[in-house]
Each structure stands twice: as C-alpha cells, then as structure tokens.
Amino acid sequence: MSASNGHRVRVVVATPAHSGLRGPLSYESERALPPGALLRVPLGKREVLGVVWDAEPDDDAGAGFTARPVAACLDEIAPLPAAWCQLVDFTANYYQRGVGEVALAALPPQLRDLDGTQLARRLKKVATGHPAVRGADVGPPPSPEQQGALDRIAAGDGPFLLFGATGSGKTEVYLRAAERVLARDPAAQALVLVPEINLTPQLLARFVDRFGAAHVVAMHSGLTPAQRLRSWLAAHHGHARIVLGTRMAVFTSLPRLGLIVVDEEHDPSYKQQEGARYSARDLAVLRGRLETVPVVLGSATPSLESWQACESGRYQRLEMPSRIGAGALPRVRLVDMNQQPRKTLLAPALLEAIGERIARGEQSLIFLNRRGYAPVLACTACDWKSDCPHCSAFRVFHKADRTLRCHHCGYTERVPRACPGCGNVDIAPLGRGTEQLEEHLSELLSQQLRPGPDGQSRPVRVARMDADTTRAKGALEAQLAQVHAGEVDVLVGTQMVTKGHDFRRITLVAAVNPDTALYSSDFRAPERLFALLMQAAGRAGRDAAHADASQMWVQTWNPGHPLFTALRRHDYPGFAASQLRERREAGMPPFVFQALVRAEARTQEAAQAFLKAAREGGEGLDATGQVMLYSAVPMSLQRVANVERAQLLVESASRPALQHFLAAWQPVLQALRTPGVLRWAVDVDPLAV
Ligand code: ADP
Ligand code: ZN
Ligand code: ZN
C-alpha cells in the first residue's frame, strides 16, 4: 500500500516509560478510522493493541518515510469515546508519562493479549442494550439532611464535597443520586469509586440490592482478567449502569456517564504509586468537568485539599452532621499513658470498659497499626537487632510461625535460637504488634465469661484481623461475616478494621498506640491520624439501641495535643482550620504544588548524582522564577531490597508554572545517563514527601 491512496493514522501503543517514544506512532490504514478505534499494529517484531488517536495532519503525511500498515481493526468493539481520550491525554501530560502507556494501562489486560478471533468469542457472551433498571429494593425515605444534599446535587454544578459524619447516611445519598440520574435517562451510567472493594463488600451489596445484579459491575485488581474484560465491555457498550470500582475504575469507558461518586475521598489509596502516579480522586473531578457530569466526593474527614477547595469556593460543601436515627457519635476518652505503670499495654480502665461491653453482649474493636508480634527482636547482651540485611529497616517478629519477616522486601528467616552477634540465648521482642495484642487480650480475658444465647455463660472470643490473617482468598469476607454475626466479642486489628464497615454491635473502639504519627517527619501525618481516629470512632455506636454507651478510647503520651482536643469534640472543621493555617504559614500544600523525582540506584551516591545532574539540567528552564528546586536527599526508607533510594523536591505556588517546568524538564531527565541508576520517576502531587 502506498501513502497516496491509504490513510495515515496516529496510534498510541504501550511504549516503555523512558523510551523517548511518548507520543502516538504513525500507521497506514486502508480505510479512514475514527479516533478511539481499537486496532492491532506491528511494533518492532511484535503485534500489539493500539488506539487511534487522530488522523495525521496532511502536511506531515508521507513526509519522506513509509509507515507500517495496520494489522487488524477490532471493529466489534465501539471506538473509545472522545472524552476518554481527553482524560488519558490530560493524565499523561499532567503526570509526566507517555500517552500510550497511560491509554493501554487503562484498558483491561485481556484486550491487549487476545487476538481478534478470541475477542469476538468473548464479545458474544456479553449482553448488549440498555435494560431498564427495576426497584428490587426501594430504600428508606431520605432524612431531611439527605434530602437537602440531594436537592443541591440535582440543582447545582459541583463538584460537591459531601461532608457527612460517619453513619450520617452518605451511601444512601450516593444511591439516591444515582437512582435519579438513571431514572431520567434510560441509558445513563454512574461511576462510583471506593478505596478498597474487598474491605467493604457491604457497599457493593447495597448497590446490587438497589439496582439489581445485572446492572452493577465491579472493576478492581482482584478480578480475574476474564472478569475484568467482561466488566469493561459491559461498561463500554452501555449495558452496565453502575460501575463500582477502585482507583483504576476512573478510566472505565462509559459512553453515557451521568454521575461520578468518590467515596472516602480522603483515602490515600486513590493515589497510584507506580507507573503514572495519578490521583483517581483528582481525575474524577477532571472527568466530571470534561463530561459535564456532577461529581460527589464524600467523607467524614475530607482531605485538606478538598476542604480548602470548598473554602475558596471551587467546590460546594454539602453538610450532614447528624447520624441516622438516634445514633450518637461515641464519647472520646483519652488515657494519659504518663500516668500508667511502666510497660502498660492496655490501661486498667480500658480493660474494665471492654469487660463491661462483653458482659452486656456488645463488641469492642481495638486497633494498633502494626502487624506481627513485635516490630523488632533484640539481644539483651549486645546491640544485635533484627535488621533486614537488604533494607534500612528491622525485620518484624511473627510469633505464630516463629519467623523474622521484612515487611518491605519480604526476606524471611526462622527466629535464631541464639543471638547471631554474641551467642546469648536471651533475645527479646521490643515494642508491640497486633499478634501480641491479641495474645495479651486473650490471656487477660480468659477468666471472663459472656452471656450465651441460652442464658449459659461462655468463654470470650477474641479475633484478629490484619494483612496476615486475611491473606487467603475469602478469609477477609469470612472474618467480617463473623463480626457482623456477633461471633466475635473483641476484634483486634490494624487500620483495616477502621474502614467503612457498618458494624452494628460495636460500642467501644480503642486506639492503643497512635502517637508515632505525631513525631513523623511527614507533614501529612497529623491529617492522616485524625482521619484514621475519626473513622475508627465511626465504627462505634452505629446502632441507636447501644449508642448511648458508645466510647472511643485513645491511649496517648500527649493528651494535651490539639489533635486530640479536636478529636474529643469530633471537630473536623476546627482541626482542618488549624492545619490549614499551619500549612499556609509554612508554605505547604494545598497552598503550594509539589513534584518529586525519585531515583533508585545501586549506591546512594549514584542516586544522588542522577538527581544532582537533573537539578543542574533544570536550572534556567523556569522562565517564571516561581519554581523552586531543592537538593537531593535520601528517602526516609533509604534502602529496600538492596536498592538505594533518593529524591528531589520541586515546588511552586503556581500549578501552571510547575506544569510548564516539568514538561520542559522531561526531555532533560530522559537524556540523563548516570551509571548505576536503575530507575527514576516523577511523582506529581506526591502524598508523602
Ligand atoms: P455513612 O456512609 O455516612 O457512614 P451509611 O450510608 O452506611 O452511612 O448509613 C448508616 C446506616 O443508616 C446504614 O445502615 C443505612 O442503611 C442507614 N440509613 C441511611 N439512610 C437512612 C434513612 N434515610 N433512613 C433509615 N436508615 C438509613
Ligand atoms: Zn547478642
Ligand atoms: Zn528487607
């Protein structure tokens, strides 16, 4: 085929991150192809999936080179909508990645891997059309606060920040808002983003109950490739009316999008930590703007970015301060650990309160953000500690299988019989993890009995829920079901237990040792801790029958800290105001914008040399004088799996100035060749600096 009678199209394919091939590639097609069309094209010796980006402008066509022909068009699949291509384009530009890399990563893997015949077979199995949504479950009538929020969503433009207390019925607002959009347009679709689907199977169940299983599809990394393709095709061809998914779902192709919801919008898991390091929350807001559909961000503890966006009038705040029914927020009790006997794990008053709950047949939830038995094992005679030989971190002692495990690189060994340093047999755990807390509580409560259903007394049931106990498939769901069924009296766990669960019989929540966040070098640590404690408190007293007695206990060495003062009053606005004042004065986000370049190398010197060269190469690129480059520093976790890590911070009070600088800097970074450097990446709007 010659360039003169064919059509030149520019196609995006998955190009390696630093190949320099960041834009679309030209191909020759026998017929005109619309933007968004899926096809297979040759790339080197392989044949890969591509997306038509645009027709090549005439003045470039045939300019001295012949393009390779398209291998096949996937005509059975409708072209991706223009808004989808715009979203991908924006993401690639904003987060400094290749457009093909972003586009192809946003498509289900099977679409990339199956050939045309295999795909055609899959497509036959996916139903098409827009079945009308029928009313399996009508739901409770909205409360006045819920109705107020719904009216404003129906009337205004947004984006909306639904600032609703835990248990105020935010989910019901999402359901009703979706219902309205779907009822008005027989083909409309709603996208609902959640931080973690597996942690909150209840939410998916509520959407399925309300809209019927045939209309709701899930989209997350826990699906098999075949399931993901099926969900994606159902969404793309308009059959699925509701897509409920994790951050990746923000890229789902939805031809008739009518509403976007981001539940628990403050959750850090909305930020992707590899490849294109996008924030699904921020992209959801952008997508809403591109497609002129309302966006609802919901949280009891919004991110300070979103809160500030309300203060400055960019977002509209919808408030639902009351819990549904007579449910009250728990009373917060601070335990001053300075007043407790040395080495106290659980204060006697707290234990007593747990005992009272058990006697009444109520549940308690105790959380400690550290799994394993103890974070370090140490020799009592010399200075040996359970360092990981490959990381700048300690290996954690897991008592159940008597191992030392590195939580960063996975390196695992049996606990040594004697100290590897001096031969002393007396090596002891330092600090506490959830395993130890569970053991301790089981011992302390072993004498206590609970009332059984038949009036007879029974032993107390203590259970633990963390990444170790929920690793097996289905284990998490089984454990949650046990708690809901009342088969557990005291649940011990990591922050996993504080997320979104609608536990009905929990009347006591305790944070055993939350203080570490107060000393963190990460300026977002207080914001995260406050959100975590408020979410944890939100698990207690959700049922009006027990709400009066519900309590949130916090053991702390800093009972006078303003964070705890605000927590006592459940005063998120007060906390946010004081944090934002500090951030404004110190020139920190959301008042400035940041990007990081992170480098990984064999040696710390090499990582820093790369960043130093990057910095030198960046000087003079910023014409505005508004972009500040800091010096390269080792990352706080400096070495992981024998790889040294360093980072360089770039900052500006102007987002456009930072964006311009990053775009100009990209080719400079691409061209750097520093010996010993393994990887580098730009992280725009990083969550941890
Ligand atoms: P949130 O998401 O704000 O934590 P949920 O939406 O889970 O709160 O609501 C808490 C509980 O209140 C749920 O059990 C829910 O079914 C119930 N609920 C929500 N709205 C209403 C309502 N208008 N009338 C009665 N119960 C409601
Ligand atoms: Zn020793
Ligand atoms: Zn390690």
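Residues numbered from 1 in each chain as written. Chains lettered and ligands numbered in written order. Predicted model: local features only at pLDDT ≥ 70, side-chain atom pairs only at ≥ 80, totals over all residues. Heavy atoms only, no water.

In the annotation of an unreviewed UniProt entry, the protein chain is listed under the name Replication restart protein PriA and assigned to Ramlibacter rhizophilus. The record in UniProt for the protein chain states the following under Function (unreviewed entry): "Initiates the restart of stalled replication forks, which reloads the replicative helicase on sites other than the origin of replication. Recognizes and binds to abandoned replication forks and remodels them to uncover a helicase loading site. Promotes assembly of the primosome at these replication forks." The UniProt entry for the protein chain carries this comment under Sequence similarities (unreviewed entry): "Belongs to the helicase family. PriA subfamily." (UniProt positions renumbered as here; feature names shortened; annotations may be inferred.)

On to the coordination of the zinc ion (ligand 2), then. In the first shell of the zinc ion (ligand 2), the protein supplies Cys379 (SG), Cys382 (SG), Cys419 (SG) and Cys422 (SG), at 2.2 to 2.4 Å from the metal. With four donor atoms in place around the zinc ion (ligand 2) and angles of 105 to 114° between them, the coordination shape is tetrahedral. Site description for the zinc ion (ligand 2): donor spacing in sequence, C-x2-C-x36-C-x2-C. Look at Cys379 and you get buried, because its relative accessible area is 8%. Of the residues examined, Cys382 reaches a relative accessible area of 27% and is grouped as partly exposed. (Donors = N, O, S within 2.8 Å, 3.2 Å for Na, K, Ca; no water. Tetrahedral: all angles 85-135°; square planar, octahedral: opposite > 155°, others 65-115°. Buried < 20%, exposed > 50% of the residue type's maximum accessible area, 1.4 Å probe, protein only.)

Before going further, it helps to examine helix H11 (residues 348-359). Look at H11: 16 Å from first C-alpha to last across 12 residues, which is about the 16 Å you get at 1.5 Å a residue. Residues Leu350, Leu351, Ala353, Ile354, Gly355, Arg357 and Ile358 constitute the buried set of H11. Those residues of H11 hidden inside the fold are in contact with strand S15 (363-367), helix H12 (434-444), strand S21 (449-451), strand S24 (490-493), strand S25 (506-511) and strand S26 (551-556). Two residues or fewer past H11, Gly361 is found with a positive phi of approximately 75°. (Helix = DSSP H or I, 4+ residues; strand = E, 2+ residues; numbered from the N terminus. Expected span 1.5 Å × (residues − 1). Contact = heavy atoms within 4.5 Å.)

Quick look at the nonpolar core now. Counting 127 residues, the largest nonpolar core has Leu38, Trp84, Leu107 and Trp665 as the members making the most contacts within it. Per-element tally for this core: the top contributor is helix H14 (residues 525-537), with eight residues. Within the second largest apolar cluster, 29 residues are counted, among which are Tyr174, Val192, Leu203 and Phe207. (Core = buried A, V, L, I, M, F, W, Y, C linked by side-chain atoms within 4.5 Å.)

Under the criterion given, the structure shown has 40 salt bridges. With a shortest N-O distance of 2.8 Å, Lys399 and Glu439 are connected by a salt bridge. Here Glu439 lies in helix H12 and Lys399 lies in the loop between strand S17 (396-398) and strand S18 (403-405), a separation of 40 residues in the sequence. On the basis of relative accessibility, which here comes to 31%, the residue Lys399 falls in the partly exposed class. A salt bridge links Asp468 to Arg405; the shortest N-O distance between them is 3.3 Å. One end of the pair, Asp468, is in the loop between strand S23 (462-465) and helix H13 (475-484); the other, Arg405, is in strand S18, with 63 residues separating them in the sequence. (Salt bridge = Lys/Arg side-chain N within 4 Å of Asp/Glu carboxyl O.)

We now examine the sheet that holds strand S5 (residues 68-69). Overall, mixed pairing links the six strands, which are arranged S5-S2-S1-S4-S3-S6 in an open sheet. Edge strands, defined here as strands with exactly one partner in the open sheet, are S5 and strand S6 (72-73). (Pairing = 2+ DSSP bridges.)

The sites that carry the UniProt feature "binding site: Zn(2+) 2" (unreviewed entry) are, in the present numbering, Cys388, Cys391, Cys406 and Cys409. A maximum C-alpha distance of 8.7 Å among these annotated residues, which run over 22 residues, shows that they cluster at one spot. Among the secondary structure elements, Cys388 is positioned in the loop between strand S16 (376-379) and S17. Not counting residues within four places of it along the chain, the set of residues in contact with Cys388 comprises Ala393, Phe394, Arg395, Cys406, Cys409, Tyr411 and Arg639. Summarising the element assignment, Cys409 is placed in the loop between S18 and strand S19 (412-414). On the basis of relative accessible area, Cys409 is assigned to the partly exposed category, the value being 28%. With residues up to four places along the chain from it excluded, the contact list for Cys409 reads Cys388, His390, Cys391 and Ala641.

This brings us to the pairing of strand S2 (residues 25-29). When you tally the buried positions in S2, you get four out of five residues, the bulk of the element. Both strand S1 (residues 7-12) and S2 contribute to a ladder of five bridges, which runs antiparallel. The residue bridging Val9 from the neighbouring strand is Tyr27, located in S2. Relative to S5, S2 runs parallel, the two being bridged by two bridges. When the bridges of S5 are listed, Glu28 appears paired with Pro69.

Let's shift gears to the coordination of the zinc ion (ligand 3). Angles between donor atoms at a metal ideally measure 109.5 degrees for a four-coordinate tetrahedral arrangement and either 90 or 180 degrees for a six-coordinate octahedral one. At this site the zinc ion (ligand 3) is bound by Cys388 (SG), Cys391 (SG), Cys406 (SG) and Cys409 (SG), with donor distances of 2.2 to 2.3 Å. Within one chain, the residues donating to the zinc ion (ligand 3) are spaced in sequence as C-x2-C-x14-C-x2-C. In this structure, Cys388 and Cys391 share a single accessibility class: buried.

To continue, consider the packing of helix H6 (residues 170-184) against helix H7 (residues 201-211). Interaxial distance between H6 and H7 falls to 11 Å at its minimum, and their mutual angle equals 35°. Every pair of crossing elements has a handedness; the one defined by H6 and H7 is right-handed. Between H6, through Thr171, Glu172, Tyr174, Leu175, Ala178, Glu179 and Leu182, and H7, the contact on the second element is made entirely by Leu203, Arg206, Phe207, Arg210 and Phe211. Of the residues that constitute the contact of H6 with H7, the class distribution is seven nonpolar, one polar and four charged. (Axes fitted to C-alpha atoms, helices over the stretch in contact; angles between N-to-C directions. Left-handed = near helix turned anticlockwise from the far one by under 90°. Nonpolar A, V, L, I, M, F, W, Y, C, P; charged D, E, K, R; others polar.)

Note the cis peptide between Gly158 and Pro159, where omega equals -5°. The residue Pro159 is located in the loop between helix H5 (144-155) and strand S7 (160-164) in this model. The linkage connecting Pro589 with the following residue, Pro590, adopts the cis geometry, with an omega of 5°. Mapped onto the elements, Pro590 comes out in the loop between helix H16 (572-586) and strand S27 (593-601). Residue Glu264 is not a glycine yet carries a positive backbone phi of 50°. Within the element layout of this structure, Glu264 appears in the loop between strand S11 (257-262) and helix H9 (280-290). According to the relative accessible area criterion, Glu264 is buried, its value standing at 14%. Of note in the backbone geometry, Thr292 takes a positive phi value of approximately 40° without being a glycine. As for its position among the elements, Thr292 is in the loop between H9 and strand S12 (295-299).

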